[in-house]
Amino acid sequence: MKSLIKQFVLGTVTTIIAVTSFSFLFSSCSKEECNLIDNIPVNSKVIASVNIDMILKNAGCQFKDGTIMLSNDLTILRDRYFQDRATAANMILLTASTVDLKKVFVYQVDDLDPVLTFKIKNKEVFTALATGAAGEMETVDKYDLFKLEGCAIMTKDDFGWLSTSAENIEKSFAKNGGKKIEGFNNVIDLIETSDKAVTVAVNLHKSIDAAPENGVVQQFKNAWIISDATLSNNILGLSFKTIDKSGKALDISPYIGEIDSDFLRYTPGNTQLLFALGSVAGIDELYTTIRTAFAPETRETIDQFLPYIKEIDGTTSVAINPVATGNSLTDFSLDTWDATIMTHLPQQSVDGIVTMIRHLGTLTGQEPSDDEQPSFNVGGKEVFYGNHDGYLAFSTRPISANYNNSFTTDVLGSRAVFMLDIPYKSETMKAFDLPYGFYMSLRLENTSLTGRLKFNGTNAPFLSALASAMVSYARANPLPDIVTETVTDEYHDDSMIEDELQPVE
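A few points on the structure. All figures in this text were calculated on a predicted structure; none of them were measured in a lab.

**A closer look at the overall build of the protein chain**
A tally of helices and strands in the protein chain yields 15 helices and 21 strands. The long-range fraction of contacts in the protein chain, counting pairs at least 24 apart against all pairs at least 6 apart in sequence, stands at 68%. Surface exposure of the protein chain reaches about 24,700 Å², of which carbon and sulfur atoms provide 53%.

Here is the structure:
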């Protein structure tokens, strides 16, 4: 598990530092000043807007004499993971005063690499700095070209483009023609007027490879997924919705029912991972759509259980909480973590499955157990099961309906919920070498998927806390050139009692 955590952290490091280091060039302007938005090809399958100014401030960066000053944590991470791109990174840091940092437009056409387009405020100074970093300035048609380490920048008048290579940028220019993707104008309006930290639009149908032309896919033909990220001090807010070509948000209520909160009575208060899903209509058609994405052996396994899955007529939930302490928590097993799985089925089906499990236990030599709390043995661990309020329930602890927890607010009105809550100073936090606890929730509602992320144990802005957490993890899991700097967090308070999370507006 530690290796998975390490891969996640290193992947996040790469993403955050790439955005922080290479996005300083990006910019935008109003329609009265220029037509930057017109740089986006009409057949782009991915379009994004990024407010770099908002991101930098939340990450703890400062501006001094027109230059971006990275925080101590970001400096450590840049030097640690981006030494091979130091020339480009340093040049970009120096160009803060030459570009508008309020917005960057990003687009991707077909299978080309993403291209970033920006507005230059001081072309003369920018050109001088870029020439110094690249060693020379080349001319390609009517564009100035600067080749840096791992990327290329092209400029014309007050516009600039950045991508992995000049060839990739030129190919994207060549594709800016033909018929617009349906819904393009509605998406462009959302991207151009966005005041969020990040807004991304993805053409769903164009991004699905070899999707079967059945009814489910037809529902999303020429539809776009719109996602926003907001930064409100120490909370990262997320929002996703799907709009059709007219700009109307698609409603999933005909396909997924609301969660019934009855299962929460069986969910312990110290649950650290919770998933719940309402009943899914048309499971056959949905499964047919996604089946091709699974490996053959996975398809065979799911195919066997599909008749039972089709019978689910209510909420399905999974709740996991720790029962061990120390580093043993890094071993996800029935001895270190308790799990409760519940799914609502017709009464006859639940009773039939319970009877079948009893019969299988008898055939395998297991002694009949208490009728009120029947159980079977899995690898030496007792697993309890039974029919509880119409739910088929399995649990590694005796099943009880007398628990109290704080999940009701997130669950009510939702059609799917995923929550991860690692308290500050908890055994889980210590076991995984985390400097803070962590909270994440995702809620699927009628027309949107919303989420919020927060570190438990610090009031630092979210990206500042994220950088600090990455440095702490790097020190605990050193590369050969181990980081030895001491990271301080002015927001950190060991006596802090976790404050109540508030929804992101």
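Having seen it, we continue.
**Section: helix α5 (residues 123-134)**
Its twelve residues give α5 an end-to-end C-alpha distance of 16 Å, which sits within 8% of 16 Å, the value for a rise of 1.5 Å per residue. One or two positions beyond α5, positive phi appears at G135, with a value near 95°.

**Points about the environment of L273**
Looking at the secondary structure, you find L273 in strand β13 (residues 273-277). The class of L273 is partly exposed, set by a relative accessible area of 25%. With 49 residues separating them along the chain, L273 and P322 place their C-alpha atoms 9.7 Å apart. Beyond its immediate stretch of four places on either side in the chain, L273 contacts V318, A319, I320, F418, M419 and L420.

**Things to note about unusual backbone geometry**
For D157, which is not glycine, the phi torsion reads 55° and is therefore positive. Within the secondary structure, D157 sits in the loop between β8 (151-156) and β9 (159-163). For D157, a relative accessible area of 55% corresponds to the exposed category. The backbone phi angle of D389 is positive, close to 55°, even though this residue is not glycine. Within the secondary structure, D389 sits in the loop between β17 (381-388) and β18 (391-395). Taking relative accessible area as the criterion, D389 reaches 45% and is therefore assigned partly exposed.

**Digging into the packing of aromatic side chains**
Applying the stated criterion across every chain yields a total of 14 aromatic pairs. With 5.8 Å between their ring centres and 65° between their planes, Y436 and F455 make a pair best called edge-to-face. Placement of the pair is Y436 in the loop between α14 (427-431) and β20 (437-444) and F455 in strand β21 (residues 449-456), with a sequence separation of 19 residues. In this structure, Y436 and F455 share a single accessibility class: buried.

**So, the nonpolar core**
Of all hydrophobic cores here, the largest spans 44 residues; its most connected members are F455 and F462. A per-element tally of this core places helix α15 (residues 462-476) first, with eight residues. One finds I37, I40, A152 and I243 within the second-largest nonpolar core, a separate group that totals 26 residues.

**Observations regarding the packing of helix α3 (residues 72-81) against α15**
It is the contact of α3 with α15, at a shortest axis distance of 9 Å, that shows an interaxial angle of 50°. Comparing their axes, α15 and α3 come out oblique. In the packing of α3 onto α15, the handedness of the crossing is left-handed. Contacts from D73, L74, I76, L77, R80 and Y81 of α3 reach α15 at S464, A467, S468, M470, V471 and A474. Class assignment for the residues of the contact of α3 with α15 results in eight nonpolar, two polar and two charged.

**Quick notes on a nonpolar patch on the surface**
Together, F305, Y308, I309, M356 and L360 make up an exposed nonpolar region whose accessible area comes to about 460 Å². Secondary structure elements with two or more residues in the nonpolar patch: α11 (296-311) and α12 (347-363). For the nonpolar patch, the leading source of residues is α11, giving three residues. Tracing the backbone through its elements, the reader meets M356 in helix α12. Note on M356: relative accessible area 39%, which makes it partly exposed.

How each quantity is defined
- Residues numbered from 1 in each chain as written.
- Predicted model: local features only at pLDDT ≥ 70, side-chain atom pairs only at ≥ 80, totals over all residues.
- Heavy atoms only, no water.
- Helix = DSSP H or I, 4+ residues; strand = E, 2+ residues; numbered from the N terminus.
- Contact = heavy atoms within 4.5 Å.
- Areas by Shrake-Rupley, 256 points an atom, 1.4 Å probe, with all protein chains shown as cover.
- Expected span 1.5 Å × (residues − 1).
- Buried < 20%, exposed > 50% of the residue type's maximum accessible area, 1.4 Å probe, protein only.
- Phe/Tyr/Trp six-rings, centres within 6.5 Å; stacked < 30°, edge-to-face > 60°.
- Core = buried A, V, L, I, M, F, W, Y, C linked by side-chain atoms within 4.5 Å.
- Axes fitted to C-alpha atoms, helices over the stretch in contact; angles between N-to-C directions.
- Parallel < 35°, antiparallel > 145°, perpendicular 65-115°, else oblique.
- Left-handed = near helix turned anticlockwise from the far one by under 90°.
- Nonpolar A, V, L, I, M, F, W, Y, C, P; charged D, E, K, R; others polar.
- Patch = residues over 30% accessible without salt bridge, like charges linked within 9 Å, V, L, I, M, F, W, Y side chains within 5 Å.
- Salt bridge = Lys/Arg side-chain N within 4 Å of Asp/Glu carboxyl O.

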